[in-house]
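Breakdown of the fold
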Amino acid sequence: MAFKHIAEIPGYVGKEVALRGWVHRHRATKNNVFIVLRDSTGVVQCVVKKDAKFFEDAERVGIETSIAVKGTVKKDERAPGGHELTLNSFKVVGPSEEFPITKDQSTEFLLDVRHLWLRSQRMTQMMKARAYLLGYFRDWFKENGFWEVSPPILTVTGCEGGSTLFSIDYFGRKAYLSQSAQLYLEAISYSLERVYSLTPSFRAEKSRTTRHLIEYWHLEAEEAFVDNEGNMKIEEELISYACQKLAKEHPQILKFFGREPKEMLAVKPPFERLSYDEMLEELKHKGIDLPWGEDPGAKEEKALTMDRKKPLFVYNYPRGAKAFYMKKADEKHVACADLLAPEGHGEIIGGSERIWDLKELLQSIKEFGLNPKDYEWYVDLRRYGSVPHSGFGLGVERTLKWILKLEHIRDAVPFPRTINRVYP
Ligand code: NSS
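Residues numbered from 1 in each chain as written. Predicted model: local features only at pLDDT ≥ 70, side-chain atom pairs only at ≥ 80, totals over all residues. Heavy atoms only, no water.

Counting through the fold element by element, Lys4 comes out in the segment before strand 1 (16–28). C-alpha separation for the pair Lys4 and Leu19, spaced 15 residues apart in sequence, amounts to 5.5 Å. Excluding anything up to four places from it in sequence, Lys4 contacts Tyr12, Val17, Ala18, Leu19 and Asp39. (Helix = DSSP H or I, 4+ residues; strand = E, 2+ residues; numbered from the N terminus. Contact = heavy atoms within 4.5 Å.)

Below, the structure written as structure tokens:
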């Protein structure tokens, strides 16, 4: 008899099915054993009656034991999932020692046993939401003429400043783990025009916050013949597409996390745009004095986005607050934009128009105090048919944190790497 998944059960009322999975909950009374069985698609209550020859095995079975069962399906409104199975066959696949996770355990403990905690409903739903989200991003790129490409992770060329570079010993020479695929995507965009990649990025962030990971997943795009405004349009279309899809196709996952699907349906272009200088004005009205030239931090971003329902672009930052590769918008500002998620979550995307003129780039590398030797190949791109181009990087975990209303970024990834945790 072929095994079915729990999600298929509604099609088998009155019939017999075979299921396999793990013991999620267990309760024994004098005459019945109730087992809530879990598989990747859901949970279902199974009942073992006193007269079953495997009653004692079922009575003793521990939480998280893997089992294979057969039983008859009946509708039961009170049962989790709305159906119940009366078992006529019960086999242990792999026994379980006493499961260390019980109710009300500390966050630290749950992080220590993350390899087991991933079986929880919360983590399961998060991982599904994450997979759907990445799928929608890919769908959007495909429908809009972007090629998926695979840039390197080991590099000698820093992209986002030396302070967060992770260095490694590369057979006697110093190399780094990638902070961003951007420079490589720029090179590939002069071949394929519109490209994107999904890779891990690494930041040796010394700060302990609810929105920084040491290793995070970075969705980056680069587009030839596109300016900063065109870049923002691409970003808002991409984000909106994924939010609409999640709300329409998986509202129950959003609801599980306390997110109303209609809030995601409302995430439609155009997103509001504030220039950096306008942002300072708005902050002033909110009682925050950010000196011109400084990058807004968590506090400022929270103040800006707390009462907003849709993401907000802040564009044209002061040159000194941003990276060497950004094209000037005027003498003081660069043509860039950060996308801030609403409800206090803050930055989820950083993007910009790139310097595409050779002399301007050499000048900028010098002014930012970088070693021109490390950037020779990157500079070279400007020697052979350079064109205006722009791109952006989206933090997958930050985006998920916003959509699922998570308190901490570590719950948007199965095995978080933070300043004090690289295990399990
Ligand atoms: O540093 S960024 O703002 N921009 C770049 O890396 C560009 N080179 C991307 C590009 O144009 N191709 O990082 C982009 C996004 C940022 O908005 C966050 O959402 C996310 O990457 N990010 C992080 N997420 C989690 N943890 C950390 N530490 C982190 N740093 C950036």
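The environment of the ligand is made up of 24 residues, and the closest members are Glu160, Gln182, Leu213, Glu220 and Glu347. Residue Arg203 places a side-chain N or O atom 2.9 Å away from an oxygen atom belonging to the ligand. Here an oxygen atom of the ligand and a side-chain polar atom of Arg354 are 2.9 Å apart. Contact with the protein chains covers 94% of the free accessible surface of the ligand, which is 630 Å². Those elements that place two or more of their residues in the shell around the ligand are strand 11 (215–224), strand 15 (346–353) and strand 16 (389–395). (Near = heavy atom within 4 Å. Polar contact = N/O pair within 3.5 Å; in protein donor to acceptor, adjacent residues only side chain to side chain. Areas by Shrake-Rupley, 256 points an atom, 1.4 Å probe, with all protein chains shown as cover.)

On to the sheet that holds strand 7 (residues 154–155). Spatially, the three strands line up as an open sheet ordered 7-9-8, and their pairing is antiparallel. Bordering the open sheet on either side are strand 7 and strand 8 (166–170), each of which pairs with just one other strand. Both strand 8 and strand 9 (residues 173–177) contribute to a ladder of five bridges, which runs antiparallel. By the bridge assignment, Ile168 is partnered in strand 9 with Ala175. (Pairing = 2+ DSSP bridges.)

For the structure on display, the rule yields 28 salt bridges. For Arg354, the salt bridge goes to Glu222, with nearest N and O atoms at 2.8 Å. Remark: Glu222 occurs in strand 11 and Arg354 occurs in the loop between strand 15 and helix 11 (358–367); sequence separation between them is 132 residues. The two residues Arg354 and Glu222 agree in class, both being buried. For Lys233, the salt bridge goes to Glu229, with nearest N and O atoms at 3.8 Å. Here Lys233 and its partner Glu229 are both found in helix 6 (residues 228–249), four residues apart, which amounts to about one turn of the helix. What makes Glu229 partly exposed here is its relative accessible area of 32%. Within the structure, one salt-bridge network assembled from shared partners comprises Glu186, Glu222, Arg354 and Arg382. (Salt bridge = Lys/Arg side-chain N within 4 Å of Asp/Glu carboxyl O. Buried < 20%, exposed > 50% of the residue type's maximum accessible area, 1.4 Å probe, protein only.)

Evaluation of the coordinates by the stated rule reveals zero disulfides. Its sulfur unpaired, Cys159 is 14 Å from the next cysteine sulfur, which belongs to Cys336. Accessibility expressed as a relative area gives 3% for Cys159, which makes it buried. (Disulfide = S-S within 2.5 Å.)

It is worth stressing that arrangement in space is one thing and function is another; only the former is reported here.
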